[in-house]
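Next come the chains, spelled out residue by residue.
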Amino acid sequence: MDPFSSPPLSGSAEGPSNEVVMDKVKQQLAQAYAEEFFSTVRDKCFTKCVTKPSTSLSGSESSCISRCVERYIEATGIISRAVITSLPR
Amino acid sequence: MDASHASELQYFLEQEKQKAVLNELVGKLTDVCWDKCITGTPGSKFSSGESSCLTNCAQRFLETSSLILRRFQSLQQ
């Protein structure tokens, strides 16, 4: 289904309104960002926590992974603030 | 599409592009600085050493970036 198609009520004869297009673009950007973030966190935390893969994830491996996810999200916030406050005015 | 609609979209795309560039920078920096600063097993909170390392890392990276840019500019003169 065309992600830009809209019901006749909210569109014009020329196609979807700007608002519909902008919303769709924002949605797709957010989705792409979320997928990349997931991928990064998964790779980082697997590397950190699963050093000797065995036949199942141990309790300590699972809790390490949970903490790792929380810390990585926190690290993203710390870096984000450092970058924004360093931006030239 | 008339001119005002086109320019609204153009402005919107410019804004989203800048946001994406910023997100990419933050993503890359977090990746690099995590590896430099979080050397052991992740704990239930960051030590003050770890969190200041992350902040320092981001700031030093940006300074490095400016420094290299200035070097390139002076090399071209």
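The name given to chain B in an unreviewed UniProt entry is Mitochondrial import inner membrane translocase subunit, with Sphagnum troendelagicum as the source organism. Within the UniProt record for chain B, the comment given under Subunit (unreviewed entry) is "Heterohexamer."

As recorded by an unreviewed UniProt entry, chain A carries the name Mitochondrial import inner membrane translocase subunit and is attributed to Sphagnum jensenii. In the Sequence similarities (unreviewed entry) part of its UniProt record, chain A is described as follows: "Belongs to the small Tim family." What UniProt states about chain A under its Subunit (unreviewed entry) heading is, verbatim, "Heterohexamer."

Colleague: I'd love a proper account of the overall build of chain A, names of residues and values included.
Modeller: The number of helices and strands found in chain A is 2 helices and 0 strands. Within chain A, the proportion of its 89 residues that are buried is 25%. Counting only contacts in chain A whose residues sit at least 6 apart along the sequence, the fraction spanning at least 24 positions is 37%.

Colleague: Just give me the short version of the packing of aromatic side chains, but keep the residues and values in it.
Modeller: Counted by the stated rule, this structure contains 4 aromatic pairs over all chains. Centre to centre, the rings of Y33 of chain A and F37 of chain A are 6.2 Å apart; their planes meet at 15°, and the pair counts as stacked. Pair noted here: Y33 of chain A and F37 of chain A are both in helix α1 (residues 18–49), with a separation of 4 residues, about one helical turn. An angle of 55° between the planes, with centres 6.1 Å apart, marks the rings of F37 of chain A and Y72 of chain A as tilted. Here F37 of chain A is found in helix α1, whereas its partner Y72 of chain A is found in helix α2 (residues 59–86), with 35 residues between them in sequence. Residue classification places F37 of chain A among the partly exposed positions, given a relative accessible area of 23%. Of the residues examined, Y72 of chain A reaches a relative accessible area of 2% and is grouped as buried. The rings of Y33, F37 and Y72 of chain A together with W34 and F46 of chain B are connected pair by pair, giving a single aromatic cluster.

Definitions and cut-offs
Residues numbered from 1 in each chain as written. Chains lettered and ligands numbered in written order. Predicted model: local features only at pLDDT ≥ 70, side-chain atom pairs only at ≥ 80, totals over all residues. Heavy atoms only, no water. UniProt positions renumbered as here; feature names shortened; annotations may be inferred. Helix = DSSP H or I, 4+ residues; strand = E, 2+ residues; numbered from the N terminus. Buried < 20%, exposed > 50% of the residue type's maximum accessible area, 1.4 Å probe, protein only. Contact = heavy atoms within 4.5 Å. Phe/Tyr/Trp six-rings, centres within 6.5 Å; stacked < 30°, edge-to-face > 60°.

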